[in-house]
Amino acid sequence: MSTAEQIEIRRLAAAELATHLDGLAAVLADCVEEGASVSYMAPFTREDARAAFVGFAAEVEQDRRLLLAAFEDGEVAGTVQVVYAWPPNQPHRADIAKLLVRRSSRGRGIAQRLMAQAEREAAAEGKTLLVLDTVTGDPAERLYEKLGWNRVGVIPNYALYPDGRPCATTVFWKALGA
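Residues numbered from 1 in each chain as written. Predicted model: local features only at pLDDT ≥ 70, side-chain atom pairs only at ≥ 80, totals over all residues. Heavy atoms only, no water.

Draft legend 1. Quick peek at the sheet that holds strand β4 (residues 93-101). Across the sheet, seven strands lie side by side as β1-β2-β3-β4-β5-β7-β6; this open sheet has mixed pairing. Each of the sheet's edge strands pairs with one partner strand only, and the pair in question is β1 (7-12) and β6 (150-160). Going across the sheet, the axis of each strand differs from the next one's by a mean of 25°, ignoring polarity. The strands touched by helix α6 (residues 139-146) are β4, β5 (129-135), β6 and β7 (166-175); relative to β5, the strand with the most contacts, the crossing angle is about 150°. (Pairing = 2+ DSSP bridges. Helix = DSSP H or I, 4+ residues; strand = E, 2+ residues; numbered from the N terminus. Axes fitted to C-alpha atoms, helices over the stretch in contact; angles between N-to-C directions. Contact = heavy atoms within 4.5 Å.)

Draft legend 2. Broad picture of the layout of surface pockets. Counted as a void, the largest pocket has a volume near 1,100 Å³. Lining the largest pocket are 44 residues, and of these V38, L99, T134, A140 and Y144 lie nearest its centre. Elements supplying a minimum of two residues to the lining of the largest pocket: α3 (21-34), β4, α5 (110-124), β5, α6, β6 and β7. The element best represented in the lining of the largest pocket is β4, accounting for seven residues. Each residue belonging to the lining of the largest pocket can be placed in one class, and the counts come to 26 nonpolar, nine polar and nine charged. (1 Å grid on protein atoms, 1.4 Å probe; cavity = no way out; pocket = protein on both sides within 12 Å on 5 of 7 lines; lining within 4 Å. Points joined across faces, edges and corners; volume = space filled by probe spheres on them. Nonpolar A, V, L, I, M, F, W, Y, C, P; charged D, E, K, R; others polar.)

In structure tokens, the structure reads:
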């Protein structure tokens, strides 16, 4: 069986998300420990990561967010979210958030598969425009360009790494169904 066949991408309903909280938290904690600028500051514990996903689960339950998980040999290896709780004049738009792959699972195409599924799920929800931001110069920036995302520009000192250093952010958009 090839690596691709061992990886399953699933949309998690709130109840199912609850059963995978520990695995999802482990992925987030691993990425923050590595230094990823994904909204959280050090020190950041597994309990902090678990609490973040409890909050995401509440938004999944309210149909304000969808969450995808990549499973490798039955373990959570990565995740991405589509956030679509927007004002009435933006029902066609959503944000991609928290594309995370644990370090031990990288290099297997998981991030690319998560993004492809996120785009399909967003289109199925009637979204025609997606936006996202990522740390300028990170491998994710190259991934988004490879996947056909359009670069808007760079905002200097937009966010912080977990250790408090500032980082620039690149903003992207992609039209769906074109």
